[in-house]
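One-letter residues, chain by chain:
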Amino acid sequence: MEENRKQIVERIANREALIGIGLALFNFIWWFGFAYGLGSKDPSEYTYILGFPAWFFYSCVLGFIVMVVILIIVIKKFFVDVPLDEEEKRES
Amino acid sequence: MNWEAIIPLLLFLMIISIVGVWASKYVRTTDSFLQEYFLGGRSLGGFVLAMTMVTTYGSASSFLSGPGAAYNEGLGWVLLSMAQLVTGYFTLMILGKKFAVVTRQYKAVTIVDYLKERYQSKWVVIISAISILLFLFSAMSAQWIGGGRLIQSLTGLSYFSSLLIFSISILIYVIIGGYRSIALTDAIQGIIMVFGTLVLLIGVIVAGGGVPQIISDMAGENPNLITPFGAEGTLTPAFVSSFWVLVGVGVVALPQIAIRTMSYKNSRAMHRGIIISTVVVGFIMLNMHLIGALSRPVLPGIEIGDTVMPLVAQEVLPNWLTGIVLAAPMAAIMTTVNSLLLLVSSTIVKDVYLNYIEPTAAENKVRKISMGITTLLGIIVILLSLQPPDLIIWLNLFSMGGLEATFLWPIVLGLYWKTGNKYGAIASMATGVGSYIVFESFYPQPFGMHSVVTSILISLLGYVLVSLVTKGKIKTI
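Residues numbered from 1 in each chain as written. Chains lettered and ligands numbered in written order. Predicted model: local features only at pLDDT ≥ 70, side-chain atom pairs only at ≥ 80, totals over all residues. Heavy atoms only, no water.

### Quick look at the overall build of chain A
Definition in use: Helix and strand definitions here come from DSSP, where helices need a minimum of 4 consecutive H or I residues and strands a minimum of 2 consecutive E residues; each element is numbered from the N-terminal end. The cut-offs for exposure are 20% and 50% of the maximum accessible area for each residue type, with area from a 1.4 Å probe on protein chains only; residues under the lower value are buried, those over the upper are exposed, and the others partly exposed. We call two residues in contact when some of their heavy atoms are within 4.5 Å. Note on areas: Shrake-Rupley, 1.4 Å probe, and residue coverage restricted to the protein chains presented here.
Each helix and strand counted, chain A has three helices and two strands in total. Per-residue burial over chain A gives 42% buried out of 92 residues. In chain A, the share of contacts with a sequence separation of at least 24, taken over all contacts with a separation of at least 6, comes to 65%. Total accessible area on chain A stands at roughly 5,300 Å², and carbon and sulfur atoms take up 66% of it.

This is the structure in structure tokens:
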């Protein structure tokens, strides 16, 4: 019984750590892709959104908002509430 | 003296001290002193957890030198600073529930406690304790000096009195209140940092005539300022990306941050903490560095980067508001040094004294020693700040990368890779920190990247290879 609980927590924790790595990779690709994809041309050819160069807006401003929205969804859907120690288990 | 700006600042310092002292009642009444004093009784909720993580990480560099660099380099530096968004969720997710469960099992109070139990090795403990003492103590001293200087520049008092005001308003509550006082005051100061940066950003944009106007002024002065490549075109994608390691994912390994992932109450607190800390760290970093970059057309010709934020605040805001906004960098420094002070103290008390000098000390004695050591460290820091030795300044340069190269793999792989053992951990620590200092001194930016990247790869290799080779020597636990 005790071993079983440990294994379940371990599986959940491992999966959540992998999600963290996935999110960081996605975050990096978004940030890098927009910054250097749109920002590498000559500044005279830049387009602007809300006054900022498009590369900056997509990479830094929108990228921030997108990450927060994804995080909220991921945590609501995939993160599991588990007891962290014995006492908490007995209480609940 | 500028009283309209000084009064809000002094008020701020007083409120922080009062809250910190109030929170110390938990330390007075607890029956488990070490857990309470060094870890807040593992009872932090999501909001306080998030705030203390973000503010401990965000230091003088993000509030003074960061905006200064953005002022000189333009939007490219704001891009670089946004590599820090990942710290908001990565640390809590990677160490995550596993770390919380394991450290509870081990009854670990410090990161070194965890390493000691995981690797069962005296040498791992000694190397970790030494690197914490050297790197964090010097980082703390450098920030402490920054705090004194900031009060000096805001109030016009002498450096000595400024340093005393700064030290006293931190030391009292850290000494008697420990971790919980730090976390609660961090939360209040985090709120100030969020609003301070927002107000100042709006002030700068209004003073500059709106974002489109400011951006076209920047492009008019130097088109490179609105590209991702920096004023001289020197910020290459490889170099900027390598900051994802130094100030991004590598932050997992900073003991002052990792310790916080041991201190939350339950997994709901951790879930909320992840979202809140990502929002807060992204918001503060984006605002702060945008303030720096956009200030250039508003207030041209600033020579010393660190003064950009105070000068711009005085330029674009009414006097009374300046005092409140400049409480933000003050808060950034205070929230970092308070945690560093307690962490250094915990290393001496828990990892050195209770491990090797007097393991059976009674609760009351531990209490006296903990507070005594914290006080003593505070006094040493004040003395060092009066005349900082070169060694401190030198060590501080290596502090962040050095700690990451030392602790990253022993902490993370120790958690997830069963084959990892003490020989691997020692090899990883030695090669990581050794190669980092060598690279930084003789060959900075190997492959166009910050040298922390190479050192972390070398220490990974050290950990994995040595663990595999010595596999047969260790009984698995």
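### Considerations on the overall build of chain B
For the record, the criterion: What the globule rule says is 2.2 Å times the number of residues to the power 0.38, and the radius of gyration is computed from C-alpha atoms. Positive residues here are Lys and Arg, negative ones are Asp and Glu, while His and the chain termini are left out of the count. We put the charge of a Lys on NZ, of an Arg on CZ, of an Asp on CG and of a Glu on CD.
Along its length, chain B carries 20 helices and zero strands. For chain B, the C-alpha radius of gyration of 22 Å lies close to 23 Å, the compact-globule estimate for 477 residues. The 477 residues of chain B split such that 64% are buried. Considering only contacts in chain B between residues 6 or more positions apart, those separated by 24 or more positions represent 84%. When the accessible surface of chain B is split by element, carbon and sulfur atoms take 69% of a total near 16,900 Å². Distance between charge centres in chain B, computed from 26 positive and 19 negative side chains, equals 21 Å.

### Thoughts on the interface of chain B and chain A
To be explicit about the condition: As a working definition, buried area equals the accessible area (1.4 Å probe) given up by two parts on being put together, with both sides summed. The term salt bridge refers to a pairing of a side-chain nitrogen on Lys or Arg with a carboxyl oxygen on Asp or Glu at a separation within 4 Å. What qualifies as a polar contact is a pair of N or O atoms within 3.5 Å, subject to a donor-acceptor requirement within protein and to the restriction that residues adjacent in sequence count only when both atoms come from side chains.
If you look at the interface, chain B gives 48 residues, while chain A gives 44 residues. Both faces considered, chain B and chain A share a buried interface measuring about 4,000 Å² in area, 76% of it formed by carbon and sulfur atoms. It is B:L79, B:M93 and B:W244 in chain B that bury the most area against chain A; as a group they hold 16% of the surface buried on that side. In this assembly, chain B and chain A are joined by four salt bridges. Linking B:K418 and A:E10 is a salt bridge whose minimum nitrogen-to-oxygen distance equals 3.5 Å. Inspection of the chain B/chain A interface yields nine residue pairs in polar contact (both at pLDDT 80 or more).

### Some details on the packing of helix 9 (residues 122-155) of chain B against helix 19 (residues 422-442) of chain B
Residues and elements named next belong to chain B. Here is the rule: Here an angle of 0 to 180 degrees is reported between the N-to-C directions of two axes, which are lines fitted to C-alpha atoms, with helices fitted over the stretch in contact. Orientation categories follow fixed angle ranges, with anything under 35 degrees roughly parallel, anything over 145 roughly antiparallel, 65 to 115 roughly perpendicular, and all other angles oblique. If you view the pair so one helix is near and one far, a crossing is left-handed when the near helix is turned anticlockwise from the far one by less than a right angle, and right-handed when it is turned clockwise. Nonpolar residues are Ala, Val, Leu, Ile, Met, Phe, Trp, Tyr, Cys and Pro. Charged residues are Asp, Glu, Lys and Arg, and all others, Gly as well, are polar.
Packing of helix 9 against helix 19 leaves a shortest axis separation of 9 Å and a crossing angle of 30 degrees. The orientation of helix 9 with respect to helix 19, classified from their angle, is roughly parallel. In this structure, helix 9 meets helix 19 at a crossing whose hand is left-handed. Contacts from W123, V124, I127, S128 and F135 of helix 9 reach helix 19 at K422, A425, I426, M429 and V433. When its residues are assigned to classes, the contact of helix 9 with helix 19 shows eight nonpolar, one polar and one charged.

### Observations regarding the confidence of the model for chain B
Convention followed: Each residue carries a pLDDT value, the predictor's own confidence for that position, ranging from 0 to 100.
Here chain B averages 91 in pLDDT, while 99% of its residues score no lower than 70. Two summary scores accompany this predicted model of the complex, namely pTM at 0.92 and ipTM at 0.92.

### With respect to the pattern of salt bridges
This model, assessed by the stated rule, comprises eight salt bridges over all chains. A salt bridge links A:E10 to B:K98; its shortest N-O distance comes to 3.5 Å. Of the two residues, A:E10 is situated in helix 1 (residues 2-39) and B:K98 in helix 7 (residues 87-106); the pairing between them involves two chains. Of the residues examined, B:K98 reaches a relative accessible area of 10% and is grouped as buried. A salt bridge links B:R180 to B:E36, with the nearest nitrogen and oxygen atoms 2.9 Å apart. Taken as a pair, B:R180 in helix 10 (residues 159-207) and B:E36 in helix 3 (residues 33-39) lie far apart in primary sequence, 144 residues in all. Where salt bridges share partners, they join A:E10, B:K98 and B:K418 into one cluster.

### Some details on the side chain of B:S451
Residues and elements named next belong to chain B. Positionally, S451 belongs in helix 20 (residues 451-469). Classification of S451 as buried rests on a relative accessible area of 1%. Beyond its immediate stretch of four places on either side in the chain, S451 contacts Y436, F439, E440, Q445 and P446.

### Thoughts on a nonpolar patch on the surface
All names here are of chain B. How we decide: Only residues above 30% relative accessible area that lack a salt bridge enter a patch, with like-charged residues linked at up to 9 Å and the nonpolar side chains Val, Leu, Ile, Met, Phe, Trp and Tyr linked at up to 5 Å.
A contiguous nonpolar patch, built from V21, F160, L164, I168, I172, I379, L383 and L386 and spanning about 690 Å² of accessible area, is present on the exposed surface. Listed by contribution, the elements that provide at least two residues to the nonpolar patch are helix 10 and helix 17 (363-386). When residues in the nonpolar patch are grouped by element, the largest group, four residues, is from helix 10.

### Quick word on the nonpolar core
The following threshold applies: Among buried residues, those of type Ala, Val, Leu, Ile, Met, Phe, Trp, Tyr and Cys that are joined through side-chain atoms within 4.5 Å constitute a nonpolar core.
Of all hydrophobic cores here, the largest spans 198 residues; its most connected members are A:F56, B:L75, B:Y89, B:W144 and B:L200. Ranked by residues supplied to this core, first place goes to helix 16 (residues 319-357) of chain B with 19 residues. Ignoring anything within four residues of it in the chain, the contact list for B:L75 reads A:P53, A:W55, A:F56, B:I215, B:M218, B:L225, B:I226, B:T227, B:L290 and B:A293.

### Notes on the packing of helix 4 (residues 46-57) of chain B against helix 10 of chain B
All names here are of chain B. It is the contact of helix 4 with helix 10, at a shortest axis distance of 8 Å, that shows an interaxial angle of 70 degrees. Relative to helix 10, the element helix 4 lies roughly perpendicular. Residue-level contacts link F47, V48, M51, T52, T55 and T56 of helix 4 to A183, L184, D186, A187, G190, I191 and M193 of helix 10. Residue composition of the contact of helix 4 with helix 10, grouped by class: eight nonpolar, four polar and one charged.

### Examining unusual backbone geometry
Positive phi, normally seen in glycine, also occurs at A:L50, with a value near 55 degrees. Residue position: A:L50 is located in the loop between strand 1 (48-49) and strand 2 (52-53). The residue B:K107 is not glycine, and still its phi comes out positive at about 55 degrees. Along the polypeptide, B:K107 turns up in the loop between helix 7 and helix 8 (111-119). Given a relative accessible area of 61%, B:K107 falls into the exposed group.

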